[in-house]
Amino acid sequence: MSRVSVLESLYSKKKSALEFNYDNLWAPPIRALLSQEDINELKRSATSLRYNGDIETKYKLIDNVMNRRGFKKAHSGTNRVVYNYLEDPRFVATVAVDKVGMNDTPAEFKNQEWFKPFCCKIFEVDPSGVIGFVERVNPITSLEEFASVADDIFNMI
């Protein structure tokens, strides 16, 4: 089982697979929460040759922009950083750390049409690819959780 909080499980309405409508999921537009200057700052940090070898400085630059707009760092991967929006728990922001990350989010946005509803929904991606708003899900955090869905993942791939 995923580590879902007690309150979340009490307040969430259970729906059958037939009742769930993937296309009805939504999040606010990126431009409602971030200005063009914020997006430009994120793009500069992701494409900067000066900070290309200094990932910690890139993280600090990204944190400055995102914290200013009400986001808090949740996780980071190889090419992107995930931020929770403190006022709305339904979605997260994925921010590219480099040019590879700037290509990954738009690619996922296109590919979700093939996998839906068996993937998290990417609501919107900035045209530059530097930031995207994605459905917040409970990640697989243990080997036991992965083992329970491994056959489904294998069959889908």
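Along every chain, residues carry numbers that run from 1 in the direction the sequence is written. Given that this is a predicted model, residues contribute local features only at a pLDDT of at least 70 and side-chain atom pairs are listed and counted only at 80 or more, while totals for whole chains, interfaces and linings are drawn from all residues. Side-chain calculation: all heavy atoms of the structure are included, whereas hydrogens and water are not.

Draft legend 1. Summary view of the overall build of the chain. Along its length, the chain carries six helices and five strands. Secondary structure follows DSSP: runs of H or I at least 4 residues long count as helices, runs of E at least 2 residues long count as strands, and numbering of each begins at the N terminus. In the chain, the succession of helices and strands from N to C terminus is α-α-α-α-β-β-β-α-β-β-α. When each of the 157 residues of the chain is scored for burial, the buried share is 32%. Per-residue and other accessible areas were derived by the Shrake-Rupley procedure at a 1.4 Å probe size, with only the shown protein chains allowed to occlude residues. Summed over all atoms, the accessible surface of the chain reaches about 10,600 Å², with 56% contributed by carbon and sulfur. When accessible area is computed with a 1.4 Å probe and restricted to protein chains, residues below 20% of their type maximum are described as buried, those above 50% as exposed, and intermediate ones as partly exposed.

Draft legend 2. Quick look at the pairing of strand β5 (residues 131-135). Judged by how many residues are buried, β5 sits mostly within the fold: five of five residues are covered. When DSSP finds two or more bridges between two strands, those strands count as paired. Where strand β3 (residues 91-96) meets β5, five bridges bridge the pair, whose relative direction is antiparallel. Each bridged residue has a counterpart across the sheet, and for Thr 94 the counterpart in β5 is Gly 132. Bridge analysis of strand β4 (residues 122-125) against β5 gives three bridges, and the strand direction is antiparallel. Within β5, the residue paired with Ile 122 across the bridge is Val 134.

Draft legend 3. Summary view of unusual backbone geometry. Each neighbour pair has its own omega, and for Lys 116 with Pro 117 the value is 5°, a cis peptide bond. Here Pro 117 is to be found in the loop between α5 (99-115) and β4.

Draft legend 4. Quick look at the environment of Leu 86. Structurally, Leu 86 can be placed in the loop between β2 (80-85) and β3. In this structure Leu 86 comes out as exposed when scored by relative accessible area, which is 59%. Sequence separation between Leu 86 and Phe 71 is 15 residues, and the spatial gap between their C-alpha atoms is 5.8 Å. Contacts are assigned to residue pairs that have any heavy atoms within 4.5 Å of one another. Among residues more than four places away in sequence, those in contact with Leu 86 are Gly 70 and Lys 72.

Draft legend 5. Structural view of the sheet that holds strand β1 (residues 71-76). Read across the open sheet, the five strands follow the order β1-β2-β3-β5-β4; overall the sheet is antiparallel. Two strands lie at the open edges of the sheet, namely β1 and β4, each paired on one side alone. Strand-to-strand twist in this sheet, taken as the mean axis angle between neighbours without regard to direction, amounts to 25°. As paired strands, β2 and β3 are joined by five bridges and run antiparallel to one another. For Tyr 83, the partnering residue across the bridge sits in β3 and is Ala 93. Only the stretch in contact is used when fitting a helix axis, every axis being a line fitted to C-alpha atoms; angles between N-to-C directions are given from 0 to 180 degrees.

Draft legend 6. Examining the environment of Pro 117 more closely. Relative accessible area serves as the criterion here: at 43%, Pro 117 is assigned to the partly exposed category. Note: C-alpha distance between Pro 117 and Tyr 22 (95 residues apart in sequence) is 5.8 Å.

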